[in-house]
Amino acid sequence: MKVIDSITSSLLLSYSVCAFAPQSLRQKQRQCSAAAPLHMSGDRAHTEKMLEDMMGDDWRTFRAKLVAQELFEAQHSEQDIRNAHRSMHQSDTAWRNGGNGGFFSGAMSFIKGNNNHNRDQLNHEEQNVQRDHLDMPNIDDSSLMACNDPFASVEDLPALLEPRVKIDSKRWAHQLPNVEPGCVLIANEKLGGVFHQTVVLIIDHDDVNGSTGLVINRPLEGTLMQISSATTSAERKGNLDKGLQMAFNAAKVSYGGPVMQDDYTVLHGWGEVEGSKKVAPGVFVGGSSELAFEARRSNFNPEHALFTKGHAAWVPNQLQREINRGVWYIASASSNFILRYAGAELEEGVDNPDDLWADILTAMGGHFPQIAQAFAGPGDKRMRKLP
């Protein structure tokens, strides 16, 4: 109960401070647009994004492979230690059961053995110890000969050879030690209220202006046209004009957070068009006017855009205090996870299309899949209208 009370008090602090955040997400997007003198057309932005995808130009995927490799090696190191202890125990048992005769005969055989062989064996063991000390995989000279780079050394091979651990480029996630733009906050399983089992995409994060983010797994009932048409007053329509309503009439809408709930922000994977910001490789926010132009030309599918209504905001150090209390798990996740409700492909039988929170936790590995299973909830589609 103390943990839940702490989380609840942290949320109350969030609601009281969010409204007085120094900068709104909309203001930051305007600054971003003003600071960038060169803008790309929709066609060029989309072409560059597709080229990045083909070249595999996603540094986050490379980091995810390194994390998976480290976890793999850590697990195998633990298994090696257990095996060594088991062997020592078996040797000790054999010594006690076999008596001294077997020991001395074995010792004499060792002394009379091939000294050169022993010397080579010791050198080989020393090399392995050095490799272990450097946290390097056990790579032999044959691998070095198989490498196509004539100037490569043994130390270079981990970056040149095919990794032993492979990840699904569309379905990966892992824990992060610190918040960074483009990461996601996964709500602690004990967190209640409107943030219960939410996934928040961090858009901006720094020590001066604080943090802003978008809830990306609370789809509202109906399309953008239906939801916006149900709002009568101009104030409640926020920054959405009739042209955008028509261009994105079939787009999905998600509850984005408790701050400025009358304003819409578009999340998409089209490209870094004018007015948009690249949050992570393959993930962009903003640029609705340029996207609307592409949609009218039938180049952009409106169903591949997610409009979030409102956003979340934290003043400097507020988010870190919540993380220290255990309110959020920090994770890096694939663009397919982030764009789940913005037209990303789903793998039948693997993805749960209605529970992004559980899917990301499951992909993170470790103890997180157990959390996702033990605290299975009603899924993402639980909000019919804004709170």
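Everything below is about the structure shown above.
Predicted model only: the values in this text are computed from it and were never measured. Each chain has its residues counted from 1, running along the sequence as written. Whole-chain, interface and lining totals are the exception, using all residues; otherwise, since this is a predicted model, local features are given only for residues with pLDDT of at least 70 and side-chain atom pairs are given and counted only at 80 or more. Calculation of side-chain values draws on the structure's entire complement of heavy atoms; hydrogens and water are dropped beforehand.

1. Observations regarding the overall build of the protein chain
- Starting at the N terminus, helices and strands are each numbered in turn, a helix being any DSSP run of H or I of at least four residues and a strand any DSSP run of E of at least two. For the protein chain, the helix and strand inventory stands at 15 helices and eleven strands.
- In the protein chain, buried positions account for 41% of the 387 residues.
- A sequence separation of at least 24 residues applies to 71% of the contacts in the protein chain between residues at least 6 apart.
- With residues, only the protein chains shown are counted as cover, and all accessible areas are computed by Shrake-Rupley using a 1.4 Å probe. Counting only carbon and sulfur atoms, one obtains 54% of the accessible surface of the protein chain, whose full area is about 21600 Å². Relative accessibility under 20% of the residue-type maximum defines a buried residue, over 50% an exposed one, and the middle range a partly exposed one, all with a 1.4 Å probe and only protein chains included. When checking whether two residues touch, look at their non-hydrogen atoms; a contact exists if any pair is within 4.5 Å.

2. Side note on the packing of aromatic side chains
- Only Phe, Tyr and Trp rings are paired, with Trp represented by its six-membered ring, and only when their centres lie within 6.5 Å; those with planes under 30 degrees apart are stacked, over 60 edge-to-face, the remainder tilted. Overall, the coordinates contain seven aromatic pairs when judged by the stated rule.
- Taking 5.7 Å as the distance between ring centres and 80° as the angle between the ring planes, the aromatic pair formed by phenylalanine 195 and tryptophan 328 counts as edge-to-face. In this pair, phenylalanine 195 is assigned in the loop between strand S2 (184-187) and strand S3 (199-206) and tryptophan 328 in strand S11 (residues 328-333), connecting sequence segments 133 residues apart. Across the pair, exposure class does not vary: phenylalanine 195 and tryptophan 328 are buried alike.
- For the ring pair phenylalanine 248 and phenylalanine 300, a centre distance of 6.3 Å and an interplane angle of 70° mean the geometry is edge-to-face. Placement of the pair is phenylalanine 248 in the loop between helix H10 (242-247) and strand S6 (252-255) and phenylalanine 300 in the loop between helix H11 (288-296) and strand S10 (305-314), with a sequence separation of 52 residues.
- Grouped by ring-pair contacts, the aromatic residues Phe248, Tyr264, Trp270, Phe300 and Phe307 constitute a single cluster.

3. A closer look at the pattern of salt bridges
- Any carboxyl oxygen of Asp or Glu within 4 Å of a side-chain nitrogen of Lys or Arg constitutes a salt bridge here. All chains considered together, the criterion is met by nine salt bridges.
- The partner of arginine 171 in a salt bridge is aspartate 351, and the shortest N-O contact between them spans 2.5 Å. In this pair, arginine 171 is assigned in the loop between helix H7 (157-160) and strand S1 (173-175) and aspartate 351 in the loop between helix H13 (335-338) and helix H14 (356-364), connecting sequence segments 180 residues apart.
- On the basis of relative accessible area, aspartate 351 is assigned to the buried category, the value being 11%.
- Taking the shortest distance from any N to any O, the salt bridge between arginine 218 and aspartate 380 comes out at 3.9 Å. Taken together, the residues arginine 218 in the loop between strand S4 (210-215) and strand S5 (219-223) and aspartate 380 in the segment after helix H15 (368-374) connect sequence positions 162 residues apart.

4. Some thoughts on the side chain of aspartate 380
- The class for aspartate 380 is buried, based on a relative accessible area of 1%.
- Identification of polar contacts relies on pairs of N or O atoms within 3.5 Å, with a donor-acceptor requirement for protein atoms, meaning one able to donate a hydrogen and the other able to accept it, and with residues adjacent in sequence counted only if both atoms are side-chain atoms. At 3.2 Å, the side chain of aspartate 380 and the side chain of asparagine 217 are in polar contact.
- Not counting chain neighbours up to four residues away, the residues in contact with aspartate 380 comprise Asn217, Arg218, Pro219, Tyr341, Asp354, Asp355, Leu356 and Trp357.

5. Here's the deal with the pairing of S2
- Residues Val184 and Ile186 line one face of S2 and the alternating positions Leu185 and Ala187 line the opposite face, and both faces are buried.
- Strand pairing is assigned whenever DSSP detects at least two bridges linking the two strands. Across three bridges, the pairing between S2 and S3 is antiparallel. Counterpart to valine 184 in the pairing with S3 is leucine 201.
- Pairing of S2 with S11, which is carried by four bridges, proceeds in the antiparallel orientation. Bridged to valine 184 within S11 is alanine 331.

6. Brief notes about the pairing of strand S9 (residues 283-286)
- In the sheet, strand S7 (residues 259-268) pairs with S9 via two bridges, with the strands oriented antiparallel. Note on S9: the bridge partner recorded for histidine 268 is phenylalanine 284.
- Linking strand S8 (residues 276-280) back to S9 in an antiparallel pair, the connection comprises two residues, with glycine 282 at a positive phi of about 85°.

7. Side note on the environment of glutamine 226
- Along the chain, glutamine 226 falls in helix H8 (residues 224-229).
- A C-alpha to C-alpha distance of 9.9 Å links glutamine 226 and valine 253, two positions 27 residues apart in sequence.

8. With respect to the nonpolar core
- The definition of a nonpolar core used throughout is a set of buried Ala, Val, Leu, Ile, Met, Phe, Trp, Tyr and Cys residues joined through side-chain atoms within 4.5 Å. The biggest cluster of nonpolar side chains holds 49 residues, and the ones touching the most others in it are Leu185, Ile186, Leu201, Trp328, Ile360 and Leu361.
- Ranked by residue count, the leading element in this core is H14, at six residues.
- The contacts of tryptophan 328, once residues within four sequence positions are left out, are Leu185, Ile186, Ala187, Asn188, Leu191, Phe195, Thr198, Val200, Trp314, Leu319, Glu322 and Ile323.
- Counting residues in hydrophobic clusters, the runner-up holds 22 residues, among them Leu244, Val253, Tyr255 and Val266.

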